[in-house]
Amino acid sequence: MCNFLLWVLFVTLLTRKGYCQSPHYPAPKIVGLDSDSPSQSLTVSWENDLSSAVRFYDLEVLHTETNETVHSETVMVAPRTDGTVHKWKWISPTPLECTSLSVRIRSNLPQVSSEWSKPWNLTGKDVLEDGRAQMYPQDKVVPVGSNTTFCCIVPDGKKFGSIMVGRGKLPFTRISRRSYVSVRINQPASSSTGTNVFCLYQNEELADGSVVFVGYPPEPRNLICETRDLQSVECGWSLERVTHLYGTRRTFYSLNERECESANGFSATEHKCRFNMTLAPGEQNWTLTARNHLGKVELMDTADLNHRVRPRAPEVVVELLGAWNASLRWHWVVPWYGKLPLVCQVWIFSEGNPKPTPHIYVGPGLTQALLRDLWPDSKYAAQVRCATQQNFWKWGDWSSEIRFKTKEDRPDPVNVWVQMHSELDGCIVWKPLSKSQSHGQLKGYEVSWSSPGNRVQRNSVLSTGPYYVPISLEGLASDYVVTVMAWNNASDSPAISITVPSSPEDGDGALSEMVSNGGTFHLSWPPSPNSTCGYVVTWYPTSWNRTCSLDWEKLPGDNSSARIQSESFIAGERYTFSVYACTPGAPLLLEKRLGYVEEQAPTGTVTRLMADQIDSSVRLSWEPVPLEGQRGFIRGYLIYLYNVTQLQLIENITDPSIMSYTATQLSYTTYKFTVKAYTSAGAGKEATVSIKLDPFTDLLIMEILIAAGSMTVLLVLVTALCYTKREWMKKTFYPEIPEPRVPEWKPTQAFGAQTLDMTPCAHSYVHIVETRRRTSGKEELKVVLEDSEEGEQWGNGPPDMDSDGQSFLRYYNQVVGEDPGLAPSGTGSSGLSSRSTGSARTEVTYTGIQTSSTSACSSACIPAAMEAPLSAGYRPQKASIPAQAEVSDDPQLDAGTEYQPQCSWKLDSPEETSLDSSLGSPTSVNSSQFLLPEPSGEENCSPAPSTTWFRNLLSGSGKP
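So, a few notes on the structure that sits alongside this text. For clarity, every value in this text was computed on a predicted model and none was experimentally measured. (Residues numbered from 1 in each chain as written. Predicted model: local features only at pLDDT ≥ 70, side-chain atom pairs only at ≥ 80, totals over all residues. Heavy atoms only, no water.)

Below, the discussion takes up the pattern of salt bridges. The final tally for this structure, using the stated rule, is 22 salt bridges. Across the pair glutamate 259 and arginine 291 runs a salt bridge whose closest N-O atoms are separated by 3.1 Å. Taken together, the residues glutamate 259 in strand 20 (residues 258-259) and arginine 291 in strand 23 (residues 284-292) connect sequence positions 32 residues apart. Given the relative accessible area of 32%, arginine 291 is considered partly exposed. For lysine 431, the salt bridge identified is with aspartate 551, shortest N-O distance 3.3 Å. Of this pair, lysine 431 sits in strand 33 (residues 425-431) while aspartate 551 sits in strand 42 (residues 551-555), placing them 120 residues apart in sequence. The class for aspartate 551 is partly exposed, based on a relative accessible area of 24%. One network of salt bridges, in which partners are shared, links Glu226, Arg228, Glu234, Arg274, Arg310 and Asp397. (Salt bridge = Lys/Arg side-chain N within 4 Å of Asp/Glu carboxyl O. Helix = DSSP H or I, 4+ residues; strand = E, 2+ residues; numbered from the N terminus. Buried < 20%, exposed > 50% of the residue type's maximum accessible area, 1.4 Å probe, protein only.)

Structural data, given as structure tokens:
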């Protein structure tokens with residue numbers, strides 16, 4: 001049982017899949033295949049004898065050459081009573097000429113399908129060999145934004161390259177042996193000549209081309225129908241957008257199924273349609289149809305055209321012409337317009353005024369109009385249009401423009417004023433008449449002035465100017481009357497007279513200041529009881545106060561304020577305003593003011609900037625900025641000091657009347673000052689001055705004299721003090737130092753030669769401190785005892801100071817000729833003493849010793865012989881001198897208590913001057929220190945001047 005059920009299920013599935021097809025359902029029969037190339041549509045017709053039941057049919061479209069399915073679709077058809085033929089329409093995305101197509105069909109029941117019918121073929125252009133390339137579609141019209149498929153068929157032996165639109169290449173697909181297709185998507189609107197598409201061979205050679213027109217369907221709006229003459233209908237409409245389709249592809253219009261493009265009146269560019277016809281009373285329907293290759297639109301308007309009358313333009317002429325008016329007349333092309341109640345509008349265009357002035361006239365059958373309030377000697381142009389007064393619909397058409405010119409008339413009175421510069425000199429000034437005031441071709445002006453009892457003076461001025469006459473009066477200005485009038489070809493203007501003001505324009509006194517508000521000056525003044533005909537406000541640039549250039553404004557009635565505004569006002573220019581009261585006689589000056597329409601920073605600098613030194617201060621002074629360079633009211637001055645690389649503000653003077661400044665507590669150097677004037681708009685240019693501060697000469701001399709006097713007094717006081725305290729100062733700063741005294745001794749001569757007397761000098765006490773040897777190439781002073789007894793006595797201790805001749809010390813000079821064989825200091829002296837005393841002639845010759853002072857024993861104390869060379873160094877002697885010592889005759893030794901140095905040694909005899917000897921210096925008994933170094937050469941041993949005068953001062957000698 002289960003096996004049976006499985007078998008039944010298997011058979012059912014095979015039947016549903018079509019594997020088991022019943023022979024009772026034959027394939028449908030295709031009876032027709034129609035194509036439409038412009039629309040790229042394909043219509044299939046077939047028949048089936050099973051028309052009594054609802055059928056489903058499967059249809060397929062294939063490329064014949066490749067047998068590739070292009071489209072498949074299942075359609076349902078209802079039972080037909082009129083036959084068994086069915087149709088199916090398909091729109092191909094590819095032009096039908098590109099390749100051959102095959103169509104087949106089969107019936108499709110819920111559980112079984114028939115076999116496919118025999119294919120029907122539609123032959124394409126790719127199977128025909130004509131030796132040239134082809135491209136499709138040709139001249140196709142498509143809507144904006146659509147996609148279009150282009151195909152290119154290349155002949156045998158040629159290789160396909162590409163399909164191009166403009167400079168861009170389109171991607172392509174091969175659908176047959178010779179056909180290639182490309183799709184252009186979202187196409188924009190084309191130009192009036194369409195969009196060109198090209199097919200190229202592989203070598204970039206042109207194969208063929210096609211043109212596609214991309215546009216919009218028609219979209220007319222706002223259909224309105226009316227009549228112009230009650231014998232025709234005229235309908236107009238507007239377009240939402242341009243279709244971009246032209247020529248034979250343009251949009252065609254029809255009105256109530258009558259083509260608008262007819263010889264009896266239509267202009268497609270004006271979007272209007274007109275037909276001559278007799279209008280019936282009452283409302284009618286008017287239908288407009290618009291169609292092109294992309295669509296069709298209908299519009300409808302319902303109206304009674306007897307209430308929609310729009311007259312045509314009249315023909316206008318000028319009938320009467322004067323200086324202040326003109327008369328226009330017109331006639332109608334349609335005669336029955338004269339029976340309609342009309343309203344007409346006349347527009348007047350004047351010369352130099354492009355904006356027209358409308359005038360309205362109403363009347364039945366209106367044919368004329370009078371134009372008033374025109375200007376003499378002026379050119380005008382006029383146009384006329386009319387409309388029905390009852391059931392007003394629209395203004396009719398404008399007539400053609402008519403031009404005319406009015407006649408001349410006498411000029412208007414001249415606006416005159418007198419500006420006085422002084423009591424006797426001034427100018428007669430007047431405002432030139434404008435073209436509308438001249439009323440014709442102005443020829444000139446006549447000016448006259450006179451006073452009672454004087455002759456009248458006249459002056460003629462051309463119309464081109466200048467518009468002033470200088471005058472010089474001979475008496476009081478208030479007695480003169482000035483008269484000015486103008487004339488043209490028609491007549492003279494009324495004469496205008498004015499009495500000359502008695503006070504000049506440049507009166508003294510402080511003037512109030514004002515600044516405009518938005519380019520307008522607001523002036524007000526207290527009313528004057530003397531004013532009988534109003535007030536006059538005059539103004540002129542302050543820097544032009546001596547010229548004949550000014551402006552003025554006359555205010556009628558009792559006005560006590562004015563708003564002055566002029567295109568001639570210049571920013572940064574100062575103006576002088578004057579207010580006059582108009583009286584039966586001369587105008588009376590009430591007040592004067594100064595003003596700027598706009599203040600600016602000064603363009604000029606202060607003048608005559610000077611800097612003067614006052615002790616250690618600098619006083620700056622200057623003069624105001626010239627009027628033409630102020631550019632505003634000066635509010636103050638800024639003082640700067642140039643400091644290295646920048647300007648340092650040191651003072652802000654807010655009172656403009658103060659034009660000086662003093663800088664104090666300055667050093668004696670160079671300074672650079674800068675002064676700037678400023679207004680409410682800012683600071684102007686700078687003026688600079690430099691000054692060098694020098695010390696005050698008298699003060700410097702006084703300081704020098706005071707310093708010199710103070711030093712003199714101080715020196716006198718110090719000198720007097722030192723003189724009175726000289727003893728104390730002498731003891732304190734210059735104590736006495738005893739000098740060594742040597743007893744005088746005399747040499748003896750033996751054997752015809754000079755010998756030394758060895759007799760001891762009385763009371764010559766010299767203590768030998770040490771024996772110095774020659775070191776570093778220098779010779780030392782050697783001390784030699786006379787005999788052994790004295791040596792022994794010396795060695796046992798110091799000699800008795802009270803015994804004479806027990807011991808003595810001898811100073812020896814250096815040997816004149818240095819003998820290396822001399823005995824050293826250790827050699828005994830007894831032998832040397834024996835030889836010295838016993839021999840008649842000594843082997844060594846000595847020179848005398850020269851000291852700083854000559855003592856009595858200077859020659860007696862010199863030893864007779866010298867064993868060893870002496871030291872060349874200087875040894876000062878310092879010892880206590882007994883009170884009974886003999887005073888030397890040398891004044892230098894007596895001058896002070898201090899020991900004087902020995903300067904040099906001199907040979908006793910001239911014969912021995914050739915010896916190269918250097919003598920040493922003796923030392924003091926109580927001192928082993930050197931006093932002063934030995935001077936070199938033959939120097940003078942006199943004390944230094946500073947020491948001498950100071951010592952003389954202390955001693956009271958008074959010697960220099």
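Turning next to unusual backbone geometry. A cis geometry characterises the amide bond from tyrosine 136 onward to proline 137, with omega recorded as 0°. With respect to the helices and strands, the residue proline 137 is situated in the loop between strand 8 (134-136) and strand 9 (140-143). Residue glycine 465 is joined to proline 466 through a cis peptide bond whose omega torsion reads 0°. Within the secondary structure layout, proline 466 lies in the loop between strand 35 (457-462) and strand 36 (468-472). At glutamine 40, a residue that is not glycine, the phi angle is positive and equals roughly 55°. Checked against the element boundaries, glutamine 40 lands in the loop between strand 1 (29-36) and strand 2 (41-47). A relative accessible area of 5% means that glutamine 40 is categorised as buried. Its identity as a non-glycine residue notwithstanding, aspartate 373 has a phi of 55°, on the positive side. If you trace the backbone, aspartate 373 turns up in the loop between strand 29 (368-371) and strand 30 (379-388). Residue class for aspartate 373 comes out exposed when judged on its relative accessible area of 72%.

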